[in-house]
Amino acid sequence: MATPELIEKLNDILRWEWTGVSQYSQYGFVLAGNWREVYSTRFKESAEESFRHAQTIGEKISAYGGVPTVERDPIKQTSRLAEMLSHSLDFEQTAVNLYTEALSMADGVDRALVVLLEEILLQEQDGVDELTMIVREHHIDSAAEHEAASKVG
Ligand SMILES: [Fe+2]
């Protein structure tokens, strides 16, 4: 049976997933320039993933007799792709931390919840791994561009 503390932690997660729905959608809307075609779709898919997770966690909170939150955390807004990617990496890392915390609370209490949280945790960790690679490549690109520009100049 879920404790009030566990339900509260699930609501922390739900609030974070609502944040993802808004933040990723916003990035998808406003991104302009050469990379729009690639990243706008990616951000919108990430918003949809957050929405799916929000639905799963919201249903679970309700099943435990809790009240699923309608709040979200503050959005980090920017129109620069590099910042969007870096904020996205931070977002996914925080999600990994939240699900890990919830898992340690659910362990030994509710096996089905452990399985559910582990499944989502894997997806959040995939996000961290993928964005880590993208941000790393982006840095290399920036360094290469800087070097090319300095040769021209
Ligand atoms: Fe998520």
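Please refer to the structure placed before this passage.
Read on for an overview of the structure. Since we're looking at a predicted model, the values are computed, not measured. Residue positions within a chain follow its written sequence, with the count starting from 1. Given that this is a predicted model, residues contribute local features only at a pLDDT of at least 70 and side-chain atom pairs are listed and counted only at 80 or more, while totals for whole chains, interfaces and linings are drawn from all residues. Excluded from the side-chain calculation are hydrogens and water; included are all heavy atoms of the structure.

When the centres of two rings from Phe, Tyr and Trp lie within 6.5 Å, Trp using its six-membered ring, the rings pair. Their planes under 30 degrees apart give stacked, over 60 give edge-to-face, and anything left gives tilted. Within this structure, the stated rule accounts for seven aromatic pairs. One aromatic cluster in this structure is built from Trp16, Tyr24, Tyr27, Trp35, Tyr39, Phe43 and Phe91.

Listed donors are limited to N, O and S atoms within 2.8 Å of the metal, widened to 3.2 Å for Na, K and Ca; water is not among them, so incomplete-looking sites are possible. Note on the iron ion: its protein donors are Glu17 (OE), Glu17 (OE), His53 (ND1) and Glu124 (OE). The metal-donor distances range over 2.0 to 2.5 Å. Here the iron ion binds four donor atoms, and the angle range of 55 to 141° at the metal identifies the geometry as irregular. Between the donor residues of the iron ion, the gaps in sequence give the motif E-x35-H-x70-E. Taken together, the residues span a long stretch of sequence, with Glu17 in helix α1 (residues 4-30) and His53 in helix α2 (residues 36-63) at a distance of 36 residues. Labels for metal geometry use angle windows, namely 85 to 135 degrees for all angles of a four-donor tetrahedral site, and for square planar (four donors) or octahedral (six donors) sites opposite donors over 155 degrees apart plus all others within 65 to 115; sites meeting none of these are irregular. Numbering of helices and strands starts at the N terminus; helices are DSSP runs of H or I of at least 4 residues and strands are runs of E of at least 2.

To continue, consider α2. Here α2 contains 28 residues, and its C-alpha end-to-end distance of 40 Å stays within 8% of the 40 Å for a straight helix at 1.5 Å per residue. Buried within α2 we find Tyr39, Ser40, Phe43, Ser46, Ala47, Ser50, His53, Ala54, Ile57, Gly58 and Ile61. Gly65 occupies a position one or two residues after α2 and carries a positive phi of about 90°. One less than the number of residues in a helix, times 1.5 Å, gives the span that helix is expected to have. Categorising residues by exposure relies on relative accessible area from a 1.4 Å probe, with only protein chains included: less than 20% of the type maximum marks a residue as buried, more than 50% marks it as exposed, and the intermediate range marks it as partly exposed.

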